[in-house]
Amino acid sequence: MFVYADNAATTSVSKTALNAMLPFLTEQYGNPSSLYSFGQNAAEALQAARETIAKCLNADPREIYFTSGGSEADNQAIVSAARLGARKGKKHLISTKFEHHAVLHTLNKLEKEGFEVTLLDVHEDGVVRLEDLEAAIREDTALVTVMFANNEIGTVQPIAQIGALCREKKIPFHCDAVQAAGHMPIDVKAMNIDMLAISGHKFHAPKGVGALYARKGMVLTNIIEGGAQERGKRAGTENVAGIAAMAAALEESCANMEENTAKIIPMRDKLFAELGKIPHSKINGSLEHHVPGTVNMCFEGIEGESLLLMLDDAGICASSGSACTSGSLDPSHVLLAIGLPHEVAHGSLRLSIGEYNTMEEIDHIIETVPKVVDYLRAMSPVWDELQKGQRPHLI
């Protein structure tokens, strides 16, 4: 049996998204910047997609800018707020220790340019505390950037409360919503979000297309120069086919969100319940504040890389964390941020399921993972030492 259980890394393109994009790869391939009607047909498709995405986020269409994905949107939002703050003498930025690297690496770059960055603790449950944020805010704070849902452990942050605090303090608030869009309700107005990033391939659109929401009045700094596209804020001919697909996929995901969530949560909870029976295993992150489909666990005495390879042999696609860092042998910065020791963090497994998964596939995972863990532990010198009491169990 083949089981794709890595939907947090990427999703398949839905039939709805595929049907939306095909005309713009074949018959309607005009450049939306062209003045003739063939090009203007593409421009109209862009506007329709902008309106659809804005409606899904409760934004104004003029507040939507198309990008190559979530990473570009995050970069532009953070750099824009930093540049605006610097012009006002504000060079302090606040984020959390377990953000996606698109955020953390951008903050690192700004630190080298003289900005000061405060990274908030996310505690053992993987949730930032509002009081920690309030204590970190200073007179020279130029931006707060906190992700909606963590890409590895699936914990959801108190976005509405953070937004309200930032609005009260008159500090721009950026939210990386890549893992939440299409899976959880997002209302940028009600949540007081000033800038927000989404990426199409997380909700059944193609890879390589995303969007940045920037509230009216937010001054954007160009990351890509070269043309007047996206109202002069993002140069480069728009990916019309991908954008049309992203709008269709987001609209479909939002329309079916309640139904999809009702299907996914029982599968997720069964994974937690059954895999949690494996001795010396640990569920990572709060289950109270959680996206529907993400399961992250650690198994003591094994290496996550070996676990993934053996699951692959059994037809199961999974990960040990973010796909962007899966080539690294270092333990996940997310798991270290919630307080796990290196030895435990190395034995992590992330399963992320969606509405296309079935309970039969979940049962296959539940049957396979314990066998693989037992096999790996049987050949592990670390597990042997743990069993003999030569070193203490950490889980």
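Rules used throughout
Residues numbered from 1 in each chain as written. Predicted model: local features only at pLDDT ≥ 70, side-chain atom pairs only at ≥ 80, totals over all residues. Heavy atoms only, no water. Phe/Tyr/Trp six-rings, centres within 6.5 Å; stacked < 30°, edge-to-face > 60°. Buried < 20%, exposed > 50% of the residue type's maximum accessible area, 1.4 Å probe, protein only. Lys NZ or Arg CZ within 6 Å of the ring centre and 35° of its normal. Helix = DSSP H or I, 4+ residues; strand = E, 2+ residues; numbered from the N terminus. Salt bridge = Lys/Arg side-chain N within 4 Å of Asp/Glu carboxyl O. Core = buried A, V, L, I, M, F, W, Y, C linked by side-chain atoms within 4.5 Å. Contact = heavy atoms within 4.5 Å.

What follows is about the packing of aromatic side chains. Counted under the stated rule, the structure contains 1 aromatic pair. Here Tyr29 and Phe38 contribute two aromatic rings whose centre-to-centre distance is 5.0 Å and whose plane-to-plane angle is 80 degrees, an arrangement assigned as edge-to-face. The exposure class of Phe38 is partly exposed, given its relative accessible area of 29%. Here Lys91 stacks its cationic end above the ring of Phe115, 4.8 Å away from the centre of that ring.

The subject of this paragraph is the side chain of Ser332. With respect to the helices, strands and loops of the structure, Ser332 is situated in the loop between strand S11 (316-317) and helix H11 (333-337). Note on Ser332: relative accessible area 11%, which makes it buried.

Summed over all chains, the structure comprises 17 salt bridges. Note that Asp140 and Arg138 form a salt bridge whose closest N and O atoms lie 2.9 Å from each other. What makes Arg138 partly exposed here is its relative accessible area of 32%.

A separate point is the nonpolar core. In terms of nonpolar packing, the biggest core is built from 57 residues, with Phe148 and Leu196 touching the most fellow members. Broken down by element, the residue count for this core peaks at 9 residues, all from helix H8 (residues 240-255). Not counting chain neighbours up to four residues away, the residues in contact with Leu196 comprise Leu57, His174, Cys175, Ala177, Ile186, Val188, Ala211, Leu212 and Tyr213. Formed by 26 residues, the second largest nonpolar core is a distinct cluster that contains Ala5, Ile278, Ile302 and Val372.

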